[in-house]
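The chain contents come next:
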Amino acid sequence: MLLKLSVKNFTLIRDLQIDFSSSLNIITGQTGSGKSLIISAIQLLMGKRNQTPNLNEEKKSIIEGVFKSSPVINNLLKQLDLDEDDELIIRKEIYPNGKSRSFVNDTPVKTDVLKLLSQELIQLNGQHLISDISSNQFKYAFLNSFIEDQQLLNDYHKAFNEFSKFQKRYEDLLKQSSLLNEQRDFFQYQLDELNDADLSSLDEDSLNNEYEIIANQEKINNNVQEITEIFSGDNGLIQLLHKANIKLADFSESFSNISPYSDRLNSIYIELDDLIQEIKLQFPVKAPDLNRQNELEGLLNKLNFLLKKFNVVNVSELIKKRDLLETELGQIDNVEQDLNKYEVQKNHWESICFELAKKINKLRVNNIQMIADEMNKLLAVLSMEHAKFKVEISSTQVLNEFGSDQVTLLVAVNNSSNYYPIHQFSSGGELSRIALAMKSLTSIKGIVPILIFDEIDSGVSGEVATEVGKLLKKIAKNVQVINITHLPQVAAMGSTHFHVEKIDHGNGLETILKSLRKEERIQVLAKMLGGE
């Protein structure tokens, strides 16, 4: 239960301390007095984001709630690695710049921790409850509260999370696989094309050089023949140098200082003779090899085509492209393997989910008659004797977070035998009573120790309002109830009564809250009855 709420410098609240009782706590006040600020402060402790300014924009706001702990809360604190105690203290500090900090038992925590704790602590029911009554979350939470085997529900929740995880991964991989398979044939075609080219054996420079030689063979033949004639023909350079060398050698026999020149001339002769032999060896005179020329032309054309197609400049980059294609094709194969693995896991958890959902369905179906009977008793108490409530459950082959059931909450009014889904029911006052009856029925289980009702009784009056108050008091025997109301009949049922007022100090407005003594309470109730 919520033992104490402390609010400082929050919107119109300067400094507020509220000590709640363990049963029915009533909060009243005129419209606009600031009752909703109490709810807003509690919502901040539940992890809701702050959207209201501080009263003093130079100071931080501090909201602190002291809760009586429980084994469930302590177990959750242990899982979150937080200190356990008889009391749970949640504090929210909001700074003038809008930033905030959250604390649990004086340990800084993230907002998500507050949300986790609040799920086990508080259930807030505002005027939106009427619109939420036909939501899946509301319907299944209502039905599940009557299932004794809560571990079965937890097991299903865990199994469904696993199924959802593998299903999402499987579907993502399936899309990826579909896209990759569309590319697989194209990638494979490109890879085959590059592999057929035998890139490792291609030397672009060597091919171009050989092609140029064969293509210009006749010109090379003529040039080599002319050079050979100049060097080796009659009176060619070789013969002339040879004759000069003989003469110089004869001359050097008489003059020893001529010998070095004779040696140099002999070296030139030998070098020129070697040169012409190498030229003839490198560029032999022969008939053009047209077959080889065609072969080289084909290789070069293919190579140039591949370079242009893959937008690269040389063979080494083509080889890199080939290796990349091999890698991408390997990844496609890996995706296929992962796809099969996740499909197996998905099917495994899907089977478990259906098995658990079948058990849950059986328990729900076993409870629906009892639920209808108890609901109809409560509706009669709330002056809706003419209405009948029932639940329809049909099993499907589609899983969701609640199981595989299709649940419809139905109401028949004016003693009619025709039932209609609750969301088609238009009377706000009667919907409020139906919702309150459902909350009353589930409160017996005490799954959540604190129920907050924010004007859930709107749309009712007179004797019905009195019955609503009695029902809230009955709910408060099982759980703590904090109820904001405009109805004196409801307010009169509270064990503790707080009244909210807005005061004008001249330099600003302030919301204050007072715990009413007996005489003060009578005066407030009298004013509420008189419409003042």
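Residues numbered from 1 in each chain as written. Predicted model: local features only at pLDDT ≥ 70, side-chain atom pairs only at ≥ 80, totals over all residues. Heavy atoms only, no water.

### With respect to the overall build of the chain
- A tally of helices and strands in the chain yields 16 helices and 15 strands.
- Taking 24 Å as the expected radius of gyration for a compact globule of 532 residues, we find that the chain reaches 47 Å, considerably beyond that expectation.
- In terms of principal-axis extent, the alpha carbons of the chain reach across some 155 × 60 × 40 Å.
- For the chain, with 532 residues in total, the buried portion stands at 43%.
- Of all intrachain contacts in the chain linking residues separated by at least 6 positions in sequence, the fraction that spans at least 24 positions is 71%.
- Summed over all atoms, the accessible surface of the chain reaches about 29500 Å², with 48% contributed by carbon and sulfur.
- Charge-centre separation for the chain: the mean point of 58 positive side chains lies 14 Å from the mean point of 75 negative side chains. (Helix = DSSP H or I, 4+ residues; strand = E, 2+ residues; numbered from the N terminus. Rg over C-alpha atoms; globule rule 2.2 N^0.38 Å. Buried < 20%, exposed > 50% of the residue type's maximum accessible area, 1.4 Å probe, protein only. Contact = heavy atoms within 4.5 Å. Areas by Shrake-Rupley, 256 points an atom, 1.4 Å probe, with all protein chains shown as cover. Lys, Arg positive; Asp, Glu negative; His and termini not counted. Charge placed at Lys NZ, Arg CZ, Asp CG, Glu CD.)

### Let's talk about the environment of Lys92
- When you line up the elements, Lys92 lands in strand β5 (residues 87-94).
- Judged by its relative accessible area of 4%, Lys92 is buried.
- Separated by 343 residues in the primary sequence, Lys92 and Ala435 have C-alpha atoms spaced 31 Å apart.
- Not counting chain neighbours up to four residues away, the residues in contact with Lys92 comprise Leu44, Leu45, Ser61, Ile62, Ile63, Ser100, Arg101, Ser102, Thr111 and Leu114.

### Observations regarding helix α16 (residues 518-530)
- Under the 1.5 Å per step criterion, the end-to-end length of α16 is 18 Å for 13 residues, consistent within 8% with the ideal 18 Å.
- Where α16 is concerned, the buried positions are Glu520, Arg521, Val524, Leu525 and Met528. Looking down the long axis of α16, one finds its buried residues gathered within 130° of arc, a one-sided arrangement. The exposed set on the far side of α16, more than 90 degrees from its buried face, consists of Glu519, Ile522, Gln523, Leu529 and Gly530. (Expected span 1.5 Å × (residues − 1). Arc of directions from axis to C-beta.)

### Considering the sheet that holds strand β15 (residues 509-515)
- Pairing is mixed in the open sheet, where 6 strands are placed in the order β8-β12-β13-β3-β14-β15. On the outer flanks of this sheet lie β8 (122-125) and β15, each paired with one strand and no other. For this sheet the average axis-to-axis angle between neighbouring strands, irrespective of direction, equals 15°.
- Sheet analysis places strand β3 (residues 24-29) next to strand β14 (residues 496-504), joined by 5 bridges and oriented parallel. The residue bridging Asn25 from the neighbouring strand is Thr496, located in β14. (Pairing = 2+ DSSP bridges. Axes fitted to C-alpha atoms, helices over the stretch in contact; angles between N-to-C directions.)

### A short note on helix α1 (residues 35-45)
- Of all 11 residues that make up α1, 9 are buried, and the element is covered over most of its length.
- Taken from the residues just after α1, Gly47 is the one with a positive phi, measuring 100°.

### Some remarks on the layout of surface pockets
- Of the volumes computed, that of the second largest pocket is approximately 470 Å³.
- Sorting the residues of the lining of the second largest pocket by element identifies β3, β14, β15 and α16 as the ones contributing at least two each.
- Of the residues forming the lining of the second largest pocket, the biggest block, 5 residues, is contributed by α16.
- Across the lining of the second largest pocket, the residue classes tally to 6 nonpolar, 9 polar and 6 charged. (1 Å grid on protein atoms, 1.4 Å probe; cavity = no way out; pocket = protein on both sides within 12 Å on 5 of 7 lines; lining within 4 Å. Points joined across faces, edges and corners; volume = space filled by probe spheres on them. Nonpolar A, V, L, I, M, F, W, Y, C, P; charged D, E, K, R; others polar.)

### Observations regarding the pairing of strand β9 (residues 388-400)
- Pairing of β9 with strand β10 (residues 403-412), which is carried by 9 bridges, proceeds in the antiparallel orientation. Across the sheet, the residue bridging to Ser395 is Asp405, located in β10.
- Connecting β9 to the antiparallel partner β10 that follows it, the hairpin turn spans 2 residues.

### Points about the pattern of salt bridges
- A complete count under the given rule lists 15 salt bridges for this structure.
- When salt bridges that share partners are traced, they join Lys60, Glu64, Arg91, Glu93 and Asp106 into one network. (Salt bridge = Lys/Arg side-chain N within 4 Å of Asp/Glu carboxyl O.)

### What to know about the environment of Ile90
- Tracing the chain through its elements places Ile90 in strand β5.
- Every residue in contact with Ile90, bar those within four places of it in the chain, is listed here: Leu45, Ile63, Glu64, Gly65, Phe67, Phe103, Leu114, Leu117 and Leu121.

### Quick word on the side chain of Ser440
- Relative to the helices and strands, Ser440 resides in helix α13 (residues 428-443).
- Aside from chain neighbours lying at most four places away, what touches Ser440 is Leu378, Leu471 and Ile475.

### Overview of the packing of aromatic side chains
- Counted under the stated rule, the structure contains 7 aromatic pairs.
- Ring geometry for Tyr140 against Phe402: centres 4.4 Å apart, planes inclined by 5°, an arrangement best described as stacked. Highlighted residues: Tyr140 in helix α5 (residues 136-144) and Phe402 in the loop between β9 and β10, separated in sequence by 262 residues.
- Consider the rings of Phe160 and Phe163, whose centres lie 6.1 Å apart with planes at 45°: the pair is tilted. With Phe160 and Phe163 both in helix α6 (residues 150-196), this residue pair falls 3 residues apart, about one helical turn. For the pair formed by Phe160 and Phe163, the shared burial category is buried.
- Among the aromatic residues, those joined into a cluster by ring pairs are Phe142, Phe146 and Phe389.
- Looking at Lys390, its charged tip hangs above the ring of Tyr419, at a distance of 4.4 Å from the centre. (Phe/Tyr/Trp six-rings, centres within 6.5 Å; stacked < 30°, edge-to-face > 60°. Lys NZ or Arg CZ within 6 Å of the ring centre and 35° of its normal.)

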